Amino acid sequence: MTTDPAPQSGSKRRWLAGVIPLVLIGTGALWYGVSGRLAANDGLAECKAAQDVTARLKSLATGEMAAVGVSNAPKLPPEIIFNGPDGQPRSWKDFQGKTVLVNLWATWCVPCRQEMPALDKLQAEQGGADFEVVAVNVDTRNTEKPKAWLQENGIHNLAYYADPGGKVLQTLQKSGHVVGLPTTLIVGSSGCEVALLKGPAEWASPDAMAFIKAAIAPQAGR
């Protein structure tokens, strides 16, 4: 029987517990620095309109949010399909008009488990018609284990989303979004990707709450 390692200093070392088990696909794409070249949909009107959201977010990517990459050119996120709480398929269209924080996590990922209570608190305080934390479990074995873990650890505010087939992880690895777990995407109410974090964060901190409130705030023209 193995036990979780003792807490280590710095989020970078803790994140390694989530990175090591994954098979990386190539070196991935350099993210927002070259997003204009990678995304054919950068010119869509709704994504251009989301730039007022990213302008607000850039000034708030400090403190606990310092590692978050805020998009220089908001774009439509990769198409992904995962299971909703009722077991039925979900896609981005099911969250139209709502800002969503999509977090990929697994029970074997130590930093994922560590940040889950904070994500639960974030959903409790900010969740509603305009915002939702969509925590997508990517365990592919013993698919009842994640549900049991959430219950045992008092995670009651997050709806259960899952990708037991592993397709979401594969898609986001290929697009360069994922190099390890946890990974978090923030998609604005326009349906455009505005921020990405590769690694854990303290999502219940004042810095995170301010960041999410700015992401939820209406963009110009909406």
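Description of the structure in this document.

The rules behind these values
- Residues numbered from 1 in each chain as written.
- Predicted model: local features only at pLDDT ≥ 70, side-chain atom pairs only at ≥ 80, totals over all residues.
- Heavy atoms only, no water.
- Helix = DSSP H or I, 4+ residues; strand = E, 2+ residues; numbered from the N terminus.
- Buried < 20%, exposed > 50% of the residue type's maximum accessible area, 1.4 Å probe, protein only.
- Contact = heavy atoms within 4.5 Å.
- Areas by Shrake-Rupley, 256 points an atom, 1.4 Å probe, with all protein chains shown as cover.
- Core = buried A, V, L, I, M, F, W, Y, C linked by side-chain atoms within 4.5 Å.
- Lys, Arg positive; Asp, Glu negative; His and termini not counted.
- Salt bridge = Lys/Arg side-chain N within 4 Å of Asp/Glu carboxyl O.
- Polar contact = N/O pair within 3.5 Å; in protein donor to acceptor, adjacent residues only side chain to side chain.
- Pairing = 2+ DSSP bridges.

1. Structural notes on the overall build of the protein chain
The secondary structure content of the protein chain amounts to eight helices and eight strands. The buried share among the 222 residues of the protein chain stands at 51%. Within the protein chain, contacts between residues separated by at least 24 positions form 75% of all contacts whose residues are at least 6 apart in sequence. Looking at the protein chain as shown, the accessible area adds up to about 10,600 Å², and 53% of this sits on carbon and sulfur atoms.

2. Describing the nonpolar core
Counting 60 residues, the largest nonpolar core has Leu101, Leu104, Met116, Trp203, Phe211 and Ile212 as its most contacted members. Ranked by the residues each element gives to this core, the list is headed by helix 8 (residues 206–216), at seven residues. Other than its neighbours up to four places away in sequence, Leu101 contacts Leu119, Leu122, Phe131, Glu132, Val133, Val134, Thr184, Leu185, Ile186, Trp203 and Ile212.

3. Points about unusual backbone geometry
Note the cis peptide between Leu181 and Pro182, where omega equals 0°. For Pro182, the position within the fold is in the loop between helix 7 (167–174) and strand 7 (183–187). Here Asn142, not a glycine, exhibits a phi torsion of approximately 50°, which is positive. In this fold, Asn142 is placed in the loop between strand 5 (131–137) and helix 6 (145–152). Given the relative accessible area of 53%, Asn142 is considered exposed.

4. Comments concerning the side chain of Asp163
Along the chain, the position of Asp163 falls in the loop between strand 6 (161–162) and helix 7. For the buried Asp163, which has no salt bridge, the nearest side chain bearing the opposite charge is Lys167, at an N-O separation of 7.5 Å. There is a polar contact of 3.0 Å between the side chain of Asp163 and the backbone nitrogen of Lys167. Once residues lying within four places of it in the same chain are set aside, the contact partners of Asp163 are Ile81, Phe82, Val136, Asn137, Val138, Asp139, Val168 and Leu169.

5. Topic: the pairing of strand 8 (residues 193–198)
Buried residues dominate strand 8, accounting for five of its six residues. One ladder, built from three bridges, connects strand 1 (residues 69–75) with strand 8; its direction is antiparallel. For Gly69, the partnering residue across the bridge sits in strand 8 and is Leu196. Sheet analysis places strand 7 next to strand 8, joined by five bridges and oriented antiparallel. Directly across from Leu185, in strand 8, lies its bridge partner Leu196. Where strand 7 folds back on strand 8, the antiparallel hairpin that results is connected by five residues, among which Gly191 adopts a positive phi of roughly 90°.

6. Description of the pattern of salt bridges
Using the criterion set out here, one finds three salt bridges in the structure. Here Asp52 ties to Arg56 by a salt bridge, and the two come within 3.5 Å at their closest N and O atoms. Remark: Arg56 and Asp52 occur in helix 4 (residues 51–58); sequence separation between them is four residues, near one turn of the helix. Classification of Arg56 as partly exposed rests on a relative accessible area of 25%. Close ionic contact of Lys98 with Glu132 constitutes a salt bridge, the shortest N to O distance being 3.5 Å. With Lys98 in the loop between strand 3 (89–90) and strand 4 (99–105) and Glu132 in strand 5, the pair connects residues that are 34 residues apart, well separated along the chain. Both residues of the pair, Lys98 and Glu132, count as buried.

Keep in mind that these numbers describe shape and distance, not what the molecule does.
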